[in-house]
Amino acid sequence: MAYSLVTFEQTKSPIAEAYRTLRTNVQFTCVDSDTRKIMITSPGPREGKTTTVANLAVSMAQAGKTVLIIDADLRNPTQHKLFGLDNAQGLSVALVQDKDYRQYIRETAVPCVRVLTGGPIPPNPAELIGSKRMKRLLQEVSEQYDMVLIDTPPIVAVTDAAILAQEVDGVILVLASGEVNKDFAQRAKELLDKVGAKILGAVLNKVDAKTSEYYYYYYYHGSDNTKKKHKRRKDRSAPSEG
Ligand SMILES: Nc1ncnc2c1ncn2[C@@H]1O[C@H](COP(=O)(O)OP(=O)(O)O)[C@@H](O)[C@H]1O
Ligand SMILES: [Mg+2]
């Protein structure tokens, strides 16, 4: 199986358990605030943004929440692939043609998880993401769902995620272990700080169980620098590449 919807397909696996820990940490971080719109981004491509969004959504739904995923990576939308959905229509169409986005929200095999797919790739993603329509859409959906998780393009490469960061309640930064360049990660944080984003935490993804003695799953609180560390024993087959 491709590393995709593990929380749905292998509920009892250690990886699904790691996503539940992430869910719990997000809940703790948001305990006193009305945090509903959470954006997930990373410095570069292929660090695991889309995978994290999908599995966190499933995990939250399993805890009884209604969750909407918005694929706002209009440059490389892939959320629909994880859920086996059609992407002929979607967010881009709703924004360009001022169509009612609600008709493009798809049900999934996972109860309580809905997806607004990205739609056909538009020529002007940043403009659409920064539009009044997008703002209105985010406002509306946050009143209809318990949680709204937003998938985005890499933040260092293009402006879309930094623009969106200003419209959400919090941001989770996904960093691919061993792949992410330190300056790149720093740059991502600077870009988020610059727009006043609330960084809820960072996910260290793709930790290789074969090379690390333990699988460390880190979750950093962006606001107060408290650090939580969860150790997981190697022999329980932690996530690895491939
Ligand atoms: N923890 C992980 N371990 C192994 N492979 C992963 C992990 N997370 C994601 N992947 C894989 O890495 C690739 C990129 O992930 P994706 O979520 O599409 O990244 P992004 O959205 O940041 O571009 C996909 O093939 C995905 O299945
Ligand atoms: Mg992606």
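Preceding this section is the structure that the text describes.
Residues numbered from 1 in each chain as written. Chains lettered and ligands numbered in written order. Predicted model: local features only at pLDDT ≥ 70, side-chain atom pairs only at ≥ 80, totals over all residues.

1. Side note on the overall build of the protein
Tallying secondary structure elements over the protein gives nine helices and nine strands in all. Scored against the burial criterion, the 242 residues of the protein give a buried share of 50%. Taking the intrachain contacts of the protein between residues at least 6 apart in sequence as the baseline, contacts between residues at least 24 apart amount to 75%. (Helix = DSSP H or I, 4+ residues; strand = E, 2+ residues; numbered from the N terminus. Buried ≥ 20, exposed ≤ 12 C-beta atoms within 10 Å, placed from the backbone. Contact = placed C-beta atoms within 7 Å.)

2. A word on the nonpolar core
Ranked by internal contacts, the top residues of the largest apolar core, which has 68 residues, are Ala57, Val67, Ile69, Leu149 and Ile150. Counting residues per element, this core draws most heavily on helix H3 (residues 49-62), which supplies seven residues. Apart from the residues lying within four places of it in its own chain, the contact partners of Leu149 are Ile38, Ile40, Val53, Leu56, Ala57, Val67 and Ile69. (Core = buried A, V, L, I, M, F, W, Y, C linked by C-beta atoms within 7 Å.)

3. Here we look at unusual backbone geometry
For Arg46, which is not a glycine, the phi torsion comes out positive at approximately 60°. For Arg46, a count of 13 C-beta atoms within 10 Å gives the class partly exposed. Positioned with a positive phi, Lys206 is a non-glycine residue whose angle comes to about 60°. The topology assignment puts Lys206 in the loop between strand E7 (199-205) and strand E8 (214-220).

4. A look at the environment of Thr29
With respect to the element layout, Thr29 can be found in helix H2 (residues 14-29). The spacing of Thr29 and Gly170 is 141 residues in sequence and 9.9 Å in space, taken between C-alpha atoms.

5. What to know about the environment of His80
Position of His80 relative to the elements: it lies in helix H4 (residues 79-83). Between the C-alpha atom of His80 and that of Leu116, which follows or precedes it by 36 residues, the distance is 8.6 Å. If sequence neighbours within four positions are ignored, His80 has contacts with Asp71, Leu85, Asp86, Asn87, Val115 and Thr117.

6. So, the environment of Asp208
Mapped onto the elements, Asp208 comes out in the loop between E7 and E8. With 13 C-beta atoms packed within 10 Å, Asp208 lands in the partly exposed category. Distance from Asp208 to Gly178, taken between C-alpha atoms, is 8.7 Å for residues 30 residues apart in sequence.

7. A closer look at the pairing of strand E5 (residues 147-151)
Counting buried positions along E5 gives five out of five residues, so the element sits mostly inside the fold. Here strand E1 (residues 37-41) pairs with E5 via four bridges, running parallel. Within E5, the residue paired with Ile40 across the bridge is Asp151. The pairing of strand E2 (residues 67-71) with E5 spans five bridges and is parallel. Among the inter-strand pairings, Leu68 is bridged to a residue of E5, identified as Val148. (Pairing = 2+ DSSP bridges.)

8. Structural notes on the pairing of E2
Two faces, one strand: in a regular strand the side chains alternate between the faces of the sheet. By the criterion of burial, E2 is predominantly enclosed, with five of the five residues buried. With four bridges joining them, E2 and strand E4 (residues 113-116) adopt parallel strand pairing. Within E4, the position partnered with Val67 by the bridge is Val113.

9. Observations regarding helix H9 (residues 182-194)
Here H9 is 13 residues long and its end C-alpha atoms lie 18 Å apart, about the 18 Å a rise of 1.5 Å per residue gives. Looking one or two residues beyond H9, the residue adopting positive phi is Gly196, at roughly 75°. (Expected span 1.5 Å × (residues − 1).)

10. Overview of the packing of H2 against H3
Closest axis-to-axis distance for the H2/H3 pair is 9 Å, and the angle between their directions is 75°. By the criterion of interaxial angle, the relationship of H2 to H3 is roughly perpendicular. When H2 is examined against H3, the residues Tyr19, Arg20, Leu22 and Arg23 are found in contact with a partner set consisting of Asn55, Leu56, Ser59 and Met60. Here the contact of H2 with H3 is built from residues that sort into four nonpolar, two polar and two charged. (Axes fitted to C-alpha atoms, helices over the stretch in contact; angles between N-to-C directions. Parallel < 35°, antiparallel > 145°, perpendicular 65-115°, else oblique. Nonpolar A, V, L, I, M, F, W, Y, C, P; charged D, E, K, R; others polar.)

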